[in-house]
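Observations on chain architecture
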Amino acid sequence: MERIGLFIDGANVYAAAKRLGWNFDHRKILEHFASLGQLYNAYYYTAVPVSIDDKQKRFIDALTYMGYTVRTKTLKESTDDHGDTHRHANLDIEIVTDLLSTVDRYDTAVLLTGDGDFERPAEVLRARGKRVVVASIPEMTSYELRNAADEYVDFKDIRAQVERPGYRLPSEGREGLRPELTRPFYMTAADTDER
């Protein structure tokens, strides 16, 4: 039976949910991708504020209870020249480290992200005989990552299997935007919106 490793870029999935206007049920995501074979492990990567609030703690606890291995990184704040504060965290290194350090434990790596930074790790995995599945939405998936994967799954195509019913997130309301403000079908880099 094919062994599956599931790697979820939490910020990317959250940004996709905002665009789609519906939220994911993380238990259903686990069940859906586990149905492809035998699930080796499921990793979930997310940024957390310095002072973690109760809602975020409950979310992380729930993911852990479901069976995810949760990797967190503290959000860093920086102020630009205009005095605007920006929060950011990047868990790419953690994802790549887990992808490569556990490579002997899975046959297929399922990456829930559209971030083009994972193009080269996907190529390395395929060179080592691993199958790579990328799942995201087209407008947030880099062409290079999609090209490097063996298979691409559009979240819209698996909505019935992974949606959290009755729980909606506001979409970005693409209607009425000027053409120059809309994103192309493929992007060279995915959104980096953080939670």
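Calculation rules
All residue numbers refer to positions counted from 1 along the written sequence of the respective chain. Residue-level local features of this predicted model are given only where pLDDT is at least 70; pairs of side-chain atoms are given and counted only at 80 or more, and the full residue set underlies all totals for whole chains, interfaces and linings. Side-chain measures here rest on the full set of heavy atoms in the structure, leaving out hydrogens and waters. By nonpolar core we mean a set of buried residues, namely Ala, Val, Leu, Ile, Met, Phe, Trp, Tyr and Cys, connected to one another through side-chain atoms within 4.5 Å. Burial classes follow relative accessibility: with a 1.4 Å probe on protein chains only, a residue under 20% of its type's maximum area counts as buried, one over 50% as exposed, and anything between as partly exposed. Secondary structure counts use DSSP, requiring at least four H or I residues in a row for a helix and at least two E residues in a row for a strand, with both numbered from the N terminus. Only heavy atoms enter the contact rule, under which two residues are in contact if any of them lie within 4.5 Å. Pairing between two strands requires that DSSP report at least two bridges joining them. Consider the strands pointing away from the viewer: the crossover is right-handed when the path from the first strand over the helix to the second runs clockwise. Salt bridges are defined by distance alone: a side-chain nitrogen of Lys or Arg within 4 Å of a carboxyl oxygen of Asp or Glu. Axis geometry follows a simple rule: fit a line to the C-alpha atoms, using only the stretch in contact for helices, then measure angles between N-to-C directions, giving values from 0 to 180 degrees. The labels follow the angle: roughly parallel below 35 degrees, roughly antiparallel above 145, roughly perpendicular from 65 to 115, and oblique for the rest. Here is the rule for handedness: rotate from the far helix to the near one, and if that takes an anticlockwise turn smaller than a right angle the crossing is left-handed, while a clockwise turn gives right-handed. Asp, Glu, Lys and Arg are counted as charged, while Ala, Val, Leu, Ile, Met, Phe, Trp, Tyr, Cys and Pro are counted as nonpolar; the rest, among them Gly, fall into the polar class.

**Comments concerning the nonpolar core**
Within the largest apolar cluster, 28 residues are counted, with the highest numbers of intra-cluster contacts made by L6, F24, I29, Y68, L112 and F155. Secondary structure elements with two or more residues in this core: strand 1 (3–9), helix 1 (10–20), helix 2 (26–34), strand 2 (38–48), helix 3 (54–66), strand 6 (108–112) and strand 7 (131–136). The element best represented in this core is helix 1, accounting for five residues. With residues near it in sequence (within four places) discarded, L6 still touches I29, L30, F33, L39, N41, A42, Y43, Y68, V110 and L112. Of all hydrophobic cores here, the second largest spans 19 residues; its members include F7, L111, L125 and Y152.

**Some details on the pairing of strand 3 (residues 69–74)**
Consecutive side chains along a regular strand alternate between the two faces of the sheet. Strand direction decides the pairing type here: strand 2 and strand 3, joined by six bridges, are parallel. Looking across to strand 3, one finds that A47 is bridged to K73. Following the chain from strand 2 across helix 3 to the adjacent parallel strand 3, one finds a crossover that is right-handed.

**Description of the pattern of salt bridges**
Taken as a whole, this structure holds 12 salt bridges when the rule is applied. As a salt-bridge pair, E94 and K73 come within 3.5 Å of each other at their nearest N and O atoms. Of this pair, E94 sits in helix 4 (residues 92–101) while K73 is found in strand 3, placing the two residues 21 residues apart along the sequence. Residue E94 is classed as partly exposed on the basis of its relative accessible area of 23%. Between R159 and E163 there is a salt bridge whose closest N-O contact spans 3.0 Å. Relative accessible area serves as the criterion here: at 31%, R159 is assigned to the partly exposed category. It is possible to trace a salt-bridge network through shared partners that takes in E2, R131 and E151.

**Concerning the packing of helix 2 against helix 3**
Viewed as axis vectors pointing N to C, helix 2 and helix 3 meet at an angle of 30°, and their least axial separation amounts to 10 Å. Looking at the two axes, helix 2 sits roughly parallel to helix 3. The handedness of the crossing between helix 2 and helix 3 is right-handed. Along its contact with helix 2, which presents H26, R27 and L30, the element helix 3 presents F59, L63, Y65 and M66. Grouping the amino acids of the contact of helix 2 with helix 3 by side-chain chemistry returns five nonpolar, one polar and one charged.

Shape is all these values report; function is a separate question.
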